[in-house]
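So the chains spell out like this:
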Amino acid sequence: MRKKKYDESLPDSSYDVIVVGAGLGGLGAACQLALSEKKVLLLEKHNVPGGYATSFVRGRFEFEGALHVLSDIGTEDNRGSLYEFFEELEIFPEKLKYKYVNEYYRSVFYDGYDVIMPLGVDTYFNKLIELFPDEREGIEKFKILAQKIREGFNYVASKGGKASPLSILIKHPWLARIGGLTLKDIFKRFFKNPRLMAVLAQIWGYDGLPPSQLNSLYFIITLMSLLRSSVFPMGRSHALTSCMINALKELGGEVRYNALVNRILVKNGRVSGVELLNGDVYRSKVVVSNVNPICTTMKMLPEDIVSDSYKRRIYAPKIGNSAFSVYLGLNAPPDKLGLTTHETFINATDDMDDMYQTVEKLETPKIIVAACYNHVSENISPPGTTQLVLTTIQMGNVWHSVPPDQYHRIKDEITNDMVSMVERTISPNLREYIEVLEAATPVTYYRYSKSMDGAIYGYTQSIMDSPMLRLGSRGAIPGLYLAGAWIGIGGGFSPAINSGRMAAAAYLEDLKKKRW
Ligand SMILES: Cc1cc2nc3c(=O)[nH]c(=O)nc-3n(C[C@H](O)[C@H](O)[C@H](O)COP(=O)(O)OP(=O)(O)OC[C@H]3O[C@@H](n4cnc5c(N)ncnc54)[C@H](O)[C@@H]3O)c2cc1C
């Protein structure tokens, strides 16, 4: 039965918490709250959960929409926080299967340099020493630093957001010491060889900024977390989000799809519910929004309720990168196409600042990653075929000035350039095998998720926006909490899920302390 329009006579809290958006942040929050026996309603504008964590079908191929590798699962004997959460939700070990990725990445350069970097902390750094023996001392020192950072991060994570700044400073001084440094600042102290720096920093192609701008904490945390273990879920990220939805429902949570939330309702200065675009109203004193904080604050709340200082806070950090992806269904197996690893980064040069220039322009990219999913999931495409996804990071705002009649021309040119980069380096006749091709620009990602500028990690992960300075879980008014890539430690699958769990923890703490 359809709910009535806004009605003052409805009980004040039909649900303990309403979660807006079933992206990973929203799912993390909803599941965590349901585990804490809260009555949760999850509202999603699409007819499927997941946000970016989704898949789509073209021809006889079902493409993974986003995930390359999932971090923070760890191993059976050394479980990551995501493993433990999925275990609590009874998703692991039975309901969601996954496969460990065999190697970290392959780095290929236009000058012919081609190397495969292994997983595992010791194996990875030993390989670097083998490749760059003259830099042994710096590599060993960098490894020790990275391990200290990882220990510090584990300490902070284990305290569930309750570690005091003083205790962090005393126990893990390196976190504070490098929190204000770029990756380039760190590299300058340890290394001389530009190729070593390009190979070691290779995953800047995920993080979205070159070492001269990238916060060293983000890089080291991502590096160490992926080195520990990288997995891919069987059934793609859609299987992962479906398992989370099922777990939520089993815990008594409710889910509504095709439910676009238009307004967060406010009574006496605090949250009182939400109103959908079609006028339906759901009441609750608490809302967790997985919609980006700018839209949540400026579009969904009444204009006059938000303080100027909070408005400045949400507009101050720079919006981070989106992506440009080319999804290819190829009618030949990977070995015939020279696709030897899951992840191959293709670099035009060692100069990462130069490569980054193209991220801020509508030009031929100078860095892409080619993900061949058949290496992590044998049955991901029909027998004898390959699923290959080419991705480059790209700022969404570069598309603002493109007139509609130029959109498809520019999109086709960049698509063509990215296929040419693969043909130039690892798979000479790739075009001959293309059966299906679909491209996604930052505009596509924006249209799908409504994340500002199609940003995939929220705000930039720059030196000005270290994990400690990022926007927190508490929103602009009492009763409003925020979840997703824009909040807390940053974007990516595991951080987005954890941001939802942090929003749940913040609400539960406020409830316990009767803060409002
Ligand atoms: C091409 C690509 C590759 C990536 N690769 C990786 C990778 O390998 N590893 C990794 O860790 N991360 C990767 N990411 C990043 C990762 O996918 C994101 O950081 C993460 O999914 C963000 O989750 P989120 O919950 O913040 O937001 P979103 O996914 O944007 O979810 C927001 C949800 O809210 C819904 N919504 C919005 N407005 C409303 C409204 N008004 N009412 C109701 N619902 C609403 C949306 O429909 C959506 O479901 C990749 C992303 C992309 C696009």
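Chemist: Help me out: how do you make sense of the site of the ligand in this one?
Modeler: In the vicinity of the ligand there are 34 residues, among which Glu44, His68, Ile456, Ala485 and Phe493 approach most closely. Between the ligand and tyrosine 52 there is a distance of 2.9 Å, counted from an oxygen atom to a backbone nitrogen or oxygen. Contact between the ligand and valine 69: a nitrogen atom at 3.3 Å from a main-chain N or O atom of the residue. Here the ligand, which alone exposes 1,000 Å², has 94% of that area covered by the protein. Breaking the shell around the ligand down by element, the ones donating at least two residues are helix H1 (24–35), helix H16 (442–449) and helix H17 (493–512). Considered class by class, the residues forming the shell around the ligand number 18 nonpolar, 14 polar and two charged.

Chemist: Whenever I open this one, the packing of helix H3 (residues 121–131) against helix H10 (residues 216–228) confuses me. Can you help?
Modeler: Any two packed helices are characterised by how steeply their axes cross, that is the angle between the axes, and by the distance between the axes. Two elements in contact, H3 and H10, have axes separated by 8 Å at closest approach and are oriented at 115°. Looking at the two axes, H3 sits roughly perpendicular to H10. Two secondary-structure elements touch here, H3 through Val121, Tyr124 and Phe125 and H10 through Leu223, Met224 and Leu227. Its residues placed into classes, the contact of H3 with H10 shows six nonpolar, no polar and no charged.

Chemist: Mind showing me how you'd approach the pairing of strand E11 (residues 270–276) here?
Modeler: Look at any regular strand and the pattern is simple: side chains alternate between the two faces of the sheet. E11 sits mainly inside the fold: seven of its seven residues count as buried. Across six bridges, the pairing between strand E10 (residues 261–267) and E11 is antiparallel. Bridge pairing links lysine 267 to arginine 270 in E11. Remark: two residues form the turn of the hairpin made by E10 and E11, two consecutive strands paired antiparallel; asparagine 268 in that turn has positive phi of roughly 55°. Hairpin connection between E11 and strand E12 (residues 281–283): a loop of four residues separates the two successive antiparallel strands, and glycine 279 in this loop has a positive phi of roughly 95°.

Chemist: So what exactly am I meant to see when it comes to the pattern of salt bridges here?
Modeler: Oppositely charged side chains may form a pair once their charged atoms are brought near each other. The full count for this structure, using the stated rule, is 24 salt bridges. Residue glutamate 254 is joined to arginine 256 by a salt bridge in which the shortest nitrogen-to-oxygen separation is 3.0 Å. Taking the relative accessible area as the measure of exposure, arginine 256 reaches 28% and is therefore partly exposed. In this structure, glutamate 275 engages arginine 263 in a salt bridge whose closest nitrogen and oxygen atoms are separated by 3.1 Å. Of this pair, glutamate 275 sits in strand E11 while arginine 263 sits in strand E10, and the two are 12 residues apart along the sequence. When its relative accessible area of 15% is taken as the criterion, glutamate 275 is described as buried. Members of the salt-bridge network, linked through shared partners, are Arg474, Glu509, Asp510, Lys513 and Arg515.

Chemist: Before we go on, may I ask you to explain the sheet that holds strand E17 (residues 386–394) in this structure?
Modeler: The seven strands are arranged E7-E6-E15-E16-E17-E14-E18 in an open sheet whose pairing can be described as mixed. At either margin of the open sheet sits one strand with a lone partner, and together these are strand E7 (114–118) and strand E18 (434–440). The average undirected angle you get between the axes of adjacent strands in this sheet is 20°. Direction of pairing for strand E14 (residues 322–330) relative to E18: antiparallel, over a ladder of six bridges.

Chemist: Explanation requested: the confidence of the model for the protein in the structure shown.
Modeler: Keep in mind that low pLDDT regions are not for reading the predicted coordinates in detail. With 96% of its residues at a pLDDT of 70 or more, the protein shows a mean pLDDT of 93. Per-residue pLDDT stays below 50 along residues 1–8; that stretch engages in 19 contacts with residues further than four places along the chain or on separate chains.

Chemist: How should the pairing of E14 be read in this particular structure?
Modeler: In terms of residue burial, E14 counts as a mostly covered element, since nine of its nine residues are buried. Taking every second residue as pointing to the same face, both faces of E14 are buried, with Ser322, Phe324, Val326, Leu328 and Leu330 on one and Ala323, Ser325, Tyr327 and Gly329 on the other. Bridge count for E14 against E17 is nine bridges, and the pairing is antiparallel. In the strand pairing of E17, glycine 329 is matched with glutamine 387.

Chemist: So what exactly am I meant to see when it comes to a nonpolar patch on the surface here?
Modeler: A cluster of nonpolar side chains, Leu166, Leu169 and Ile170, forms an exposed patch at the surface whose accessible area comes to about 330 Å². In this fold, isoleucine 170 is placed in helix H5 (residues 165–171). On the basis of relative accessible area, isoleucine 170 is assigned to the exposed category, the value being 62%.

Chemist: How should I be thinking about the domain arrangement of the protein in this particular structure?
Modeler: Note: interface size is frequently given as the accessible area lost on complex formation between the parts. Looking at the protein, the domain boundaries give domain 1 (17–78 + 81–95 + 235–317 + 460–512) and domain 2 (120–228). Domain 1 and domain 2 are separated by 28 Å when their C-alpha centres are compared. Listed per partner, the contact involves 16 residues of domain 1 and 18 residues of domain 2. Both sides of the domain 1 and domain 2 interface together cover about 1,400 Å² of buried area, and 61% of this is carbon and sulfur. At the boundary of domain 1 with domain 2, the tally comes to zero salt bridges. Across the domain 1-domain 2 interface, the total number found is five residue pairs in polar contact (both at pLDDT 80 or more).

Chemist: Quick question: what am I supposed to make of the side chain of threonine 415 here?
Modeler: Summarising the element assignment, threonine 415 is placed in helix H15 (residues 404–425). Not counting residues within four places of it along the chain, the set of residues in contact with threonine 415 comprises Phe324, Val326, Leu437 and Ala439.

Chemist: How should I be thinking about unusual backbone geometry in this particular structure?
Modeler: Cis geometry is found at the peptide bond from phenylalanine 92 to proline 93, where omega equals 0°. For proline 93, the location among the structural elements is in the loop between helix H2 (81–88) and strand E5 (98–100). Non-glycine residue glutamate 90 carries a positive phi angle of around 60°. Of note, glutamate 90 is situated in the loop between H2 and E5. With relative accessibility at 53%, the residue glutamate 90 sits in the exposed group. One non-glycine residue, lysine 514, adopts positive backbone phi at about 50°. You can see lysine 514 is positioned in the segment after H17.

Cut-off values and rules
- Residues numbered from 1 in each chain as written.
- Predicted model: local features only at pLDDT ≥ 70, side-chain atom pairs only at ≥ 80, totals over all residues.
- Heavy atoms only, no water.
- Near = heavy atom within 4 Å.
- Polar contact = N/O pair within 3.5 Å; in protein donor to acceptor, adjacent residues only side chain to side chain.
- Areas by Shrake-Rupley, 256 points an atom, 1.4 Å probe, with all protein chains shown as cover.
- Helix = DSSP H or I, 4+ residues; strand = E, 2+ residues; numbered from the N terminus.
- Nonpolar A, V, L, I, M, F, W, Y, C, P; charged D, E, K, R; others polar.
- Axes fitted to C-alpha atoms, helices over the stretch in contact; angles between N-to-C directions.
- Parallel < 35°, antiparallel > 145°, perpendicular 65-115°, else oblique.
- Contact = heavy atoms within 4.5 Å.
- Buried < 20%, exposed > 50% of the residue type's maximum accessible area, 1.4 Å probe, protein only.
- Pairing = 2+ DSSP bridges.
- Salt bridge = Lys/Arg side-chain N within 4 Å of Asp/Glu carboxyl O.
- pLDDT = per-residue confidence, 0-100.
- Patch = residues over 30% accessible without salt bridge, like charges linked within 9 Å, V, L, I, M, F, W, Y side chains within 5 Å.
- Domains from an automatic or database assignment.
- Buried area = accessible area lost by both parts, 1.4 Å probe.

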